[in-house]
Amino acid sequence: MHVLITGATGLIGRHLMAQLQAHHQVTVLTRNEARARAILGEDVTCWTSLGGQRTLDGIDAVINLAGEPIADRRWSQEQKRRLCDSRWQLTGQLASLITASTVPPSVFISGSATGYYGDQGEAVVTEEEVPHDEFTHQLCARWEELALTAESPQTRVCLLRTGMVLAPHGGALAKMVPPFRLGLGGPFGHGRQYLPWIHLDDMVAGILYLLHHAQLRGAFNLVAPYPVHNDKFAATLAEVLHRPAFVRVPAFAVRLLMGEAAVLVLTGQRAIPKRLEAAGFHFRFSELEAALSNVLARR
């Protein structure tokens, strides 16, 4: 199988690449070829743009993981535009090339996030949940709409509504561990907001499962089966690190620091992987304590 992947040097992409390269021919779409080769190996095949492509004939599968990190900066109007453009433009390009192909890729796996649902409070969130209309929903909804334009009898589209990815290096957890190690960690706000999470190994395995099961299409919550409240997450992380977790960060301080982007930590979704489990996928890490213990042991 010849797989075209975007976002290959990112948190998920790097680990997915190790699995793909062992079994498939892989082409990486990257703006920085030198960086991609330094991270992924000198023998990786790179495209630096889609400008020279009229179709994606010869590509069997497309995995689209690219996008500006959503929590790295405050959401000014300019940053919101950057977040949208980094997802929408590339996804639209890929979908257009797929539909223009004589023999299109058989599957287009495209990123999204549980932010699609917006703030859902205590509701159990499956893929059928009606979303709350806010910026994260608008961002993800258009992202998904563009990906779905590639759908046809020849091409199935799978959408990855991803939660917080727990990884040994990088991602949100890497920013949380230092203050927790110092005994300065704790929940955000009232702590009752749900945090959907997934271990990096299960994230990669889930993508590969969708890649190789030709009957699967549509939206999938890429989250562990048991989301937890923010205060439970903080308590479990502290326990695994053998540290206290008494320093609650008040909501006003989070809003002062993050602005509108504070919704990423002060609200949440009690998302569960209904469709993925129904399709027969088995999680290696279903419980948070085991997932955090494994990830932190690998740091």
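Described in the following lines is the structure provided in the data block. (Residues numbered from 1 in each chain as written. Predicted model: local features only at pLDDT ≥ 70, side-chain atom pairs only at ≥ 80, totals over all residues. Heavy atoms only, no water.)

Considering all chains together, one arrives at 4 aromatic pairs under this definition. Their ring planes at 90° and their centres at 5.0 Å tell us that Phe281 and Phe283 sit as a pair that is edge-to-face. Using a relative accessible area of 6% as the deciding quantity, one classes Phe281 as buried. Three or more aromatic residues joined by ring pairs form one cluster here, namely Tyr209, Phe281 and Phe283. Cation over ring: Arg87 sits above Trp143, and NZ or CZ is 5.0 Å from the ring centre. When the ring centre of Phe220 is taken as origin, the NZ or CZ atom of Arg275, which lies over that ring, is 4.3 Å away. (Phe/Tyr/Trp six-rings, centres within 6.5 Å; stacked < 30°, edge-to-face > 60°. Buried < 20%, exposed > 50% of the residue type's maximum accessible area, 1.4 Å probe, protein only. Lys NZ or Arg CZ within 6 Å of the ring centre and 35° of its normal.)

Further remarks concern the sheet that holds strand β5 (residues 107–113). Taken in spatial order, the 7 strands of this open sheet run β3-β2-β1-β4-β5-β7-β11, and their pairing is parallel. For this open sheet the edge positions go to β3 (45–47) and β11 (218–222), each flanked by a neighbour on one side alone. Going from strand to strand, the sheet's axes swing by 25° on average, the running direction of each strand aside. Bridge count for strand β2 (residues 25–29) against β3 is 3 bridges, and the pairing is parallel. The partner of Leu29 across the bridge, within β3, is Trp47. (Pairing = 2+ DSSP bridges. Helix = DSSP H or I, 4+ residues; strand = E, 2+ residues; numbered from the N terminus. Axes fitted to C-alpha atoms, helices over the stretch in contact; angles between N-to-C directions.)

Counted according to the given criterion, the structure contains 13 salt bridges. A salt bridge links Asp72 to Lys175, with the nearest nitrogen and oxygen atoms 3.0 Å apart. Of this pair, Asp72 sits in the loop between β4 (61–64) and α3 (77–100) while Lys175 sits in helix α5 (residues 171–181), and the two are 103 residues apart along the sequence. What makes Lys175 exposed here is its relative accessible area of 53%. Note that Asp201 and Arg284 form a salt bridge whose closest N and O atoms lie 3.1 Å from each other. A residue pair is termed long-range when its members are at least 10 positions apart, and Asp201 in helix α6 (residues 200–212) and Arg284 in the loop between α10 (274–278) and α11 (288–297) qualify at 83 residues. According to the relative accessible area criterion, Asp201 is partly exposed, its value standing at 23%. Connected through shared salt-bridge partners, Glu78, Arg81, Arg82 and Asp85 make up one network. (Salt bridge = Lys/Arg side-chain N within 4 Å of Asp/Glu carboxyl O.)

Moving on, we come to the packing of α3 against helix α4 (residues 135–148). Put simply, α3 and α4 touch, their axes get as near as 8 Å, and they point 15° apart. Here α4 runs roughly parallel to α3, going by the angle between their axes. For α3 against α4, the interelement crossing comes out right-handed. Of the residues in α4, those in contact with Lys80, Leu83, Cys84, Arg87, Trp88, Thr91, Gly92 and Ala95 of α3 are Phe135, Gln138, Leu139, Arg142, Trp143, Leu146 and Ala147. When its residues are assigned to classes, the contact of α3 with α4 shows 9 nonpolar, 3 polar and 3 charged. (Parallel < 35°, antiparallel > 145°, perpendicular 65-115°, else oblique. Left-handed = near helix turned anticlockwise from the far one by under 90°. Contact = heavy atoms within 4.5 Å. Nonpolar A, V, L, I, M, F, W, Y, C, P; charged D, E, K, R; others polar.)

Geometry only, nothing functional implied.
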